[in-house]
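# Close look at the chain arrangement
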Amino acid sequence: MKRMTTWKRTFLLHATWALLWGTTAAAVTPSNVTKVSRVTGATPAGELLPNPNQTHTNHDVHGTDLGIVWDKGGGEVFVLFGDTFGAGWCGNGGCGGGWRSNVLARSSDTNLADGLSFSTMIQDGPRHAKEILASRKVNFDEITVIPTAGVTIGSRHYIHYMSIHHWGEAGMWFTNHAGIAYSDDQGQNWVKHPTTRWQNTPAWTNNFQMAAFVRNGGFVYMYATPNGRFGNVHLARVPETALLDINAYRYWDGNGWSVSQAAARPVAIGIAGELSVSYHAPLGRFLMTYLNEHRQAVVMRDAATPTGPWSGEKVLASGAVYPGLYNAFIHPWGNTGNSLYFVMSQWTPYNTFLMRATLAHDAHSDNLLSEPGFETQAATPVMAPWYLQGSGGVDRALGNARSGQDNGFVHASSGWNALKQSVVVQPYTDYTLRGWVRSSANNTAGYFGARGPGNGPILGEVPFGALGAYTERVVHFNSGPNALIEVYGGLWADNGDTWMQLDDVSLTRGSNLIHQAGFEQQSTHNATSPWYTEGKAGIDRGLGYARTGANNAWARNDTGWNAVKQEVAVTPNTQYTLTGWVKTSTNHADGYFGARLLRGGPILNEVRFAQPLGNYTQLSVSFNSGAQHSVEVFAGMWANNGDTWIQVDDLTLTRD
């Protein structure tokens, strides 16, 4: 992997673990990151870390990186590494003898507090780790094959890998394709599947070249980025029994699951490299880690469901403390209590280390913005994830902050000057943006709001003039068709020397979890994502049948089960209330409104409407999500009395 510059980091611990323990699926933040042990390579003079594996003498692994960990079953994990060098290694990445594109270890170590010990490495000779996925090793053809993720289903093991065409500038490389390999003999031999591949484009822009795997609810979720470290995170999933069927993958389109890879929309905005995603069961949160090259830090996001919404970035480890750091591959056995164990690489000494962090309650809760209080900003002018238009930066420990030490500011004598941040949102969804603003006495044209990406159309904003003390500004808006938006705070400096200070900014999603709840964004008479149908059903568009707006859904047939339905992400073991408005034909006698497990699974709860409903009538049902992270809500009827119909509109699903 490629070198990076360093960055200074600080941590904010917002609350104690005791607060988190009393909160179900609450947002978390990392702190107290420590280096537990060396995983690979020789111990240099002066290093006091445990080094249980001694891979330089035991396996001819003098230098390597990555360290992707997954549960292989049978009381072991696999630990998978990238480009590996043996004798003659020069102490830095990309040099030395005995080059292997990848190597694989096995471990049964359950006590990570004193390090990560291997049982063995897959070998092709005595004391020599084997290259498990071959590469041509020809530059501008296939210089190497790098693994990015692994998962085990039953007795078969799978690796996601990328075929690298050539290396570019620091943090950038270019891939031929990504693919999946599998092993049926405990990892000794691997087969690259010939058709389960994501071919890169001539412009090197395919979004599914580097990946992380998570098993959940009978699916394997595949989080992915383009080649290199500068892309957004996209998502696909596949039934875990069909991992090698490229046609079985479905792509998150911002609202639901599409058969089209081109329809994929981000679940998290980059800058993202070397992803790892895992479910932390004790906390009830999915954790996502990656290197943010612009922040020179390994960062973490968390979410209650696989599709998010994912929190803003939280600094996990910084290059100022760990020079040349990259990646943080989560150990699945380390997700216990309030601990997080992960394997991290450093370019110098081009080896891997076991790390431990403490996870505690995040005072920013479900805030979707990164750096809401500017507290881990290391320098002025402003740095990622905030970006500056015009003149401004960060006040660092100058006593100008509303809370903490730091705040953002703009200061100019002409033109538009603003702090802004891009963030992933769900299309056609309600959001609330909040922030605290203070400005100079001559300010007359300040604005706080949200708009489309790239200075796009304004979705919602509030103006502000002179504010002598920090004042909260609140903006309610709908994301419209956007999967990415910009939030901003800024001013027009039309009256000479003018300034604004900004602090404690938050963006949260509205409470209704149903997407396109009134069907207004449905563009055809056939239901499209996120709505799906069973039997004969569709959308009435502008026909005058809606309860509100122009559109509604319908089901109509003279036989069988007919319904509209939507998959909705939920938090496990949580109580929800589903409401909706239904109207029926006069011969209707057997309808149902409720929630069930995916793919027509068991009913969680439903209400039957057996009598005709001549006018729109509100129906309501409560249910507990149980162990699920996704459920299916539905409204439908059995057409047993000839030509029968129902109309549906204005649904809501809220957490109790």
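Worth saying up front: this structure is predicted, and the values here are computed from it rather than measured.

We now examine the pairing of strand β28 (residues 430–439). Among the 10 residues in β28, 7 count as buried, and that is most of the element. Pairing of β28 with strand β31 (residues 471–478) involves 8 bridges; the strand directions are antiparallel. Looking across to β31, one finds that T432 is bridged to H476. Note: β28 against strand β33 (residues 498–509), 8 bridges, orientation antiparallel. Considered in β33, the bridge of W436 is made with D503.

Counting 31 residues, the largest nonpolar core has I514, L578, F593, V648 and L653 as its most contacted members. If we ignore the near neighbours within four places in the chain, the residues touching L653 are S511, N512, L513, I514, V568, V570, Y576, T577, L578, F623 and V633. The next biggest cluster of nonpolar side chains, apart from the first, holds 28 residues, and it includes V423, V425, L491 and M500.

Per-residue pLDDT for the chain has a mean of 93; in total, 95% of the residues score no lower than 70. When the criterion is pLDDT under 50, residues 1–23 qualifies, and its contacts beyond four places in sequence or with other chains add up to 86 contacts.

Before going further, it helps to examine the sheet that holds β28. Spatial strand order, β25-β26-β33-β28-β31: 5 strands in an open sheet with antiparallel pairing. In this open sheet, the two edge strands, each paired with only one partner strand, are β25 (392–396) and β31. Going from strand to strand, the sheet's axes swing by 35 degrees on average, the running direction of each strand aside. Here β25 pairs with strand β26 (residues 406–412) via 5 bridges, running antiparallel. Counted as the bridge partner of D395 is N407 from β26.

The method is simple in principle: a probe with the dimensions of a water molecule rolls over the atoms, and the space it marks as empty is what remains. In this model, the largest pocket occupies a volume close to 740 Å³. Forming the boundary of the largest pocket are 46 residues, of which W252, G256, W257, T307 and E567 lie nearest the centre. Among the elements that take part in the lining of the largest pocket, strand β37 (residues 561–569) stands out by supplying 5 residues, more than any other. In the lining of the largest pocket, the residues fall into 25 nonpolar, 13 polar and 8 charged. Roughly 600 Å³ of volume is contained in the second largest pocket. A304, D366, R509, T571 and R655 are, among the 30 residues lining the second largest pocket, the residues nearest its centre. Secondary-structure elements contributing two or more residues to the lining of the second largest pocket are β19 (297–303), β33 and β43 (644–655).

Spatially, the 5 strands line up as an open sheet ordered β35-β36-β43-β38-β41, and their pairing is antiparallel. For this open sheet the edge positions go to β35 (537–541) and β41 (617–624), each flanked by a neighbour on one side alone. Between one strand and the next, the sheet's axes are offset by a mean angle of 35 degrees, whatever the strand orientation. As paired strands, strand β38 (residues 575–584) and β41 are joined by 8 bridges and run antiparallel to one another. Residue pairing in the sheet places G580 in a bridge with L619 of β41.

All right, on to the pattern of salt bridges then. A complete count under the given rule lists 28 salt bridges for this structure. Between K72 and E76 there is a salt bridge, with its nearest N and O atoms 3.2 Å apart. By the burial criterion, K72 is buried, and E76 matches it. Across the pair R295 and E313 runs a salt bridge whose closest N-O atoms are separated by 3.0 Å. On the criterion of sequence distance, the pair formed by R295 in the loop between β18 (285–292) and β19 and E313 in the loop between β19 and β20 (314–318) is long-range, its members being 18 residues apart.

Let us look at the environment of A537. Residue position: A537 is located in strand β35. Classification of A537 as buried rests on a relative accessible area of 14%. A C-alpha to C-alpha distance of 23 Å links A537 and P427, two positions 110 residues apart in sequence. The contact partners of A537, leaving out residues within four places of it in the chain, are W554, A555, A563 and V564.

Moving on: unusual backbone geometry. At the junction of G308 and P309, the peptide bond is cis and its omega measures out at 10 degrees in the coordinates. By the element assignment, P309 lies in the loop between β19 and β20. The linkage connecting S529 with the following residue, P530, adopts the cis geometry, with an omega of 15 degrees. Within the element layout of this structure, P530 appears in the loop between β33 and β34 (531–534).

What follows deals with the side chain of N227. In this fold, N227 is placed in the loop between β13 (219–225) and β14 (231–239). On the basis of relative accessibility, which here comes to 4%, the residue N227 falls in the buried class. A polar contact is formed between the side chain of N227 and the backbone oxygen of W173, at a distance of 3.3 Å. Polar side-chain contacts of N227 include one of 3.1 Å to the side chain of T175.

The next point concerns the pairing of β18. Across the 8 residues of β18, 8 count as buried, placing the element largely inside the fold. Inspection of the sheet shows strand β17 (residues 268–280) paired to β18 by 6 bridges, in the antiparallel sense. Bridging across to β18, V277 finds its partner in M288. Hairpin remark: β17 followed by β18, antiparallel, with 4 residues in the connecting loop; positive phi at G284, about 65 degrees. When β18 meets β19, the two strands line up antiparallel, connected through 7 bridges. Considered in β19, the bridge of L291 is made with V298. Hairpin connection, β18 to β19: the antiparallel pair is bridged by 4 residues, and Q296 has positive phi, about 50 degrees.

Before going further, it helps to examine the environment of L49. By the secondary structure assignment, L49 is in the loop between β1 (28–38) and α2 (55–58). For the pair formed by L49 and D83, sequence separation is 34 residues and the distance between their alpha carbons is 23 Å. Among all residues touching L49, those that are not within four sequence positions of it are K35, V36, S37, R38 and F353.

What follows covers the packing of aromatic side chains. Taken as a whole, this structure holds 25 aromatic pairs when the rule is applied. A centroid spacing of 5.8 Å and a plane angle of 20 degrees characterise the contact between Y576 and F623, whose relative ring orientation is stacked. Here Y576 is found in strand β38, whereas its partner F623 is found in strand β41, with 47 residues between them in sequence. The burial state of Y576 is the same as that of F623; both residues are buried. Grouping aromatic residues by their ring pairs yields a cluster made of F85, W99, W347 and Y350. Stacked on the ring of Y326, the Lys or Arg R229 has its end atom at 5.0 Å from the ring centre. In this arrangement the basic side chain of R451 is found over the ring face of Y488, its NZ or CZ atom lying 4.5 Å from the centre.

Conventions adopted
Residues numbered from 1 in each chain as written. Predicted model: local features only at pLDDT ≥ 70, side-chain atom pairs only at ≥ 80, totals over all residues. Heavy atoms only, no water. Buried < 20%, exposed > 50% of the residue type's maximum accessible area, 1.4 Å probe, protein only. Helix = DSSP H or I, 4+ residues; strand = E, 2+ residues; numbered from the N terminus. Pairing = 2+ DSSP bridges. Core = buried A, V, L, I, M, F, W, Y, C linked by side-chain atoms within 4.5 Å. Contact = heavy atoms within 4.5 Å. pLDDT = per-residue confidence, 0-100. Axes fitted to C-alpha atoms, helices over the stretch in contact; angles between N-to-C directions. 1 Å grid on protein atoms, 1.4 Å probe; cavity = no way out; pocket = protein on both sides within 12 Å on 5 of 7 lines; lining within 4 Å. Points joined across faces, edges and corners; volume = space filled by probe spheres on them. Nonpolar A, V, L, I, M, F, W, Y, C, P; charged D, E, K, R; others polar. Salt bridge = Lys/Arg side-chain N within 4 Å of Asp/Glu carboxyl O. Polar contact = N/O pair within 3.5 Å; in protein donor to acceptor, adjacent residues only side chain to side chain. Phe/Tyr/Trp six-rings, centres within 6.5 Å; stacked < 30°, edge-to-face > 60°. Lys NZ or Arg CZ within 6 Å of the ring centre and 35° of its normal.

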